[in-house]
Amino acid sequence: MFVTTPSPTVAAATDEPVVELRDAAFGYGERPVLTHVDLTVHRGEVVAVVGPNGSGKSTLMKGLLGLNTLSSGTVRLFGEPLHEQGDRARMGYVPQRHTLSASVRATAEEIVASGRLPRLGWFGRLRATDRQIVARSLELVGLSDRAATEVSTLSGGQQRRVLIARALAGQPEVLVMDEPTAGVDVASQHVLADVLARLAARDVTMVIVTHEVGALERLLTRIVVVDAGRVRFDGTPAQYAAARSDVHHDHDSHHHDHELDPGHGHPWSPVGSAPFEGVAPRRSRRA
Ligand SMILES: Nc1ncnc2c1ncn2[C@@H]1O[C@H](COP(=O)(O)OP(=O)(O)OP(=O)(O)O)[C@@H](O)[C@H]1O
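Looking at an unreviewed UniProt entry, the protein carries the name Zinc transport system ATP-binding protein, with the source organism given as Terracoccus luteus. Checking UniProt for the protein, the heading Sequence similarities (unreviewed entry) contains the comment "Belongs to the ABC transporter superfamily."

Below is the structure:
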């Protein structure tokens, strides 16, 4: 309900995790891609999930949305087992590399309105409140003035923002985003970071797969490192920076492995761009 009425009272009333994974294993067929995942997300947190290409980040996101096979362990959403979760709209999802095809002939407003579908009543018609929520979602991503624009004429960054607005229109309680800033120019990345900061200020819980931690550092409460199908680290940005500098120190003196380095020298790696230098310790959660 954050678009019209942020619900801090709900957050204050319950300390129950919104997402809770215990020893979970996820995959697509017989063999799990990710194993032994323990992850707890509380209301109001902004969690970045980082790691090398192919390490299992998207698989983790799909796993907590129930979009792939849970082969062992448990996933609980809002205190209930995943498969008993009746209201799927409580989890919003912005999938990876999803842009709108050039052949889509629809305005930004129409695309965002489609995100309202899970919330519509029997007759499936947009009511005045739905239209207000659609308008508010466009406003949150800074695209009110493009509501009537054909999406195919928008830039890649603007299209990503339309897709975020579409997810917001469903009024999810948790927003799961798979690389929302990937493939857009630096200026658009900053605009997207501002959009996410606005959502964080409204206590929207977010789990964000990203290769550009630096652009989001000011709003993160936690960083989770996934590598080779396992969660290797889970802590605050300050703990992450400290752990990484320890590992690097060890490496400099003893040539140890870069256990916490999600980049392993990948060009996108936050390592080297010093994303966490000088970041003050943050609340581990907002709620
Ligand atoms: N639909 C699928 N069916 C089978 N295997 C898959 C599927 N999607 C991903 N995989 C495999 O799961 C592993 C992890 O992939 P995943 O997409 O989760 O990694 P990632 O960390 O998100 O990578 P990237 O940073 O490149 O997006 C890879 O070995 C990949 O080939």
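Visitor: I would appreciate a short explanation of the overall build of the protein in the present structure.
Guide: Helices and strands together make up the secondary structure of the protein, namely eight helices and 10 strands. Scored against the burial criterion, the 287 residues of the protein give a buried share of 43%.

Visitor: Is there a simple way to explain the packing of helix α4 (residues 128-140) against helix α5 (residues 156-169) in this structure?
Guide: The description of two packed helices rests on the angle between their axes and on the distance between the axes. Direction vectors running N to C along α4 and α5 enclose 140°, while the axes themselves pass 8 Å from each other. Taken as axis vectors, α4 and α5 run oblique relative to one another. The two elements α4 and α5 cross, and the hand of that crossing is right-handed. Where α4 abuts α5, its residues Ile133, Val134, Ser137, Leu138 and Leu140 lie against Ala165, Leu168 and Ala169. Looking at the contact of α4 with α5 residue by residue, the classes come out as seven nonpolar, one polar and no charged.

Visitor: Can you help me understand the sheet that holds strand β4 (residues 69-77) in this one?
Guide: In a beta sheet, neighbouring strands pair by backbone hydrogen bonds and run either parallel or antiparallel. As summarised here, the arrangement of the four strands in space is β2-β1-β4-β5, forming an open sheet in which the pairing is antiparallel. Looking at the sheet topology across the chains shown, the edges are occupied by β2 (32-41) and β5 (80-81). Note: strand β1 (residues 19-27) against β4, seven bridges, orientation antiparallel. Bridge pairing in β4 links leucine 21 to valine 75.

Visitor: Teacher, can you tell me more about the confidence of the model for the protein here?
Guide: Low-pLDDT stretches of the model should not have their predicted coordinates read in fine detail. In the predicted model, the protein carries a mean pLDDT of 80, and the fraction of residues at 70 or more is 78%. Across residues 254-259, where pLDDT falls below 50, the model places seven contacts with residues more than four positions away in sequence or in other chains. Predicted complex, confidence summary: ipTM 0.97, pTM 0.81.

Visitor: What am I meant to see in the packing of α5 against helix α6 (residues 186-201) here?
Guide: Where α5 contacts α6, the axes come no closer than 9 Å and their chain directions differ by 20°. When the axis of α5 is compared with that of α6, the two are roughly parallel. Regarding α5 and α6, the two cross each other, and that crossing is right-handed. Of the residues in α6, those in contact with Gly157, Arg160, Arg161 and Ile164 of α5 are Ser188, Val191, Leu192 and Val195. Looking at the contact of α5 with α6, its residues break down into four nonpolar, two polar and two charged.

Visitor: What's the story with α4 in this structure? I'm lost.
Guide: Two residues of an α-helix separated by three or four positions point the same way, owing to the 3.6 residues in each turn. The end-to-end C-alpha separation of α4 is 18 Å, in line with the 18 Å expected for 13 residues at 1.5 Å each. By the burial criterion, the buried members of α4 are Ile133, Val134, Ser137, Leu138 and Leu140. Projected onto a plane normal to the axis of α4, the buried residues spread over an arc of 160° and lie on a single side. Buried residues in α4 make contact with α3 (108-114), α5 and α6. Following α4 by one or two positions, glycine 142 has its phi on the positive side, about 70°.

Visitor: Before we go on, may I ask you to explain the pairing of β2 in this structure?
Guide: The two faces of a sheet get side chains in turn, since along a regular strand they alternate between them. Examined bridge by bridge, β1 and β2 share six bridges and lie antiparallel to one another. Each bridged residue has a counterpart across the sheet, and for phenylalanine 26 the counterpart in β2 is leucine 34. Here β1 folds back onto β2 in antiparallel fashion, the turn holding four residues.

Rules used in this analysis
- Residues numbered from 1 in each chain as written.
- Predicted model: local features only at pLDDT ≥ 70, side-chain atom pairs only at ≥ 80, totals over all residues.
- UniProt positions renumbered as here; feature names shortened; annotations may be inferred.
- Helix = DSSP H or I, 4+ residues; strand = E, 2+ residues; numbered from the N terminus.
- Buried ≥ 20, exposed ≤ 12 C-beta atoms within 10 Å, placed from the backbone.
- Axes fitted to C-alpha atoms, helices over the stretch in contact; angles between N-to-C directions.
- Parallel < 35°, antiparallel > 145°, perpendicular 65-115°, else oblique.
- Left-handed = near helix turned anticlockwise from the far one by under 90°.
- Contact = placed C-beta atoms within 7 Å.
- Nonpolar A, V, L, I, M, F, W, Y, C, P; charged D, E, K, R; others polar.
- Pairing = 2+ DSSP bridges.
- pLDDT = per-residue confidence, 0-100.
- Expected span 1.5 Å × (residues − 1).
- Arc of directions from axis to C-beta.

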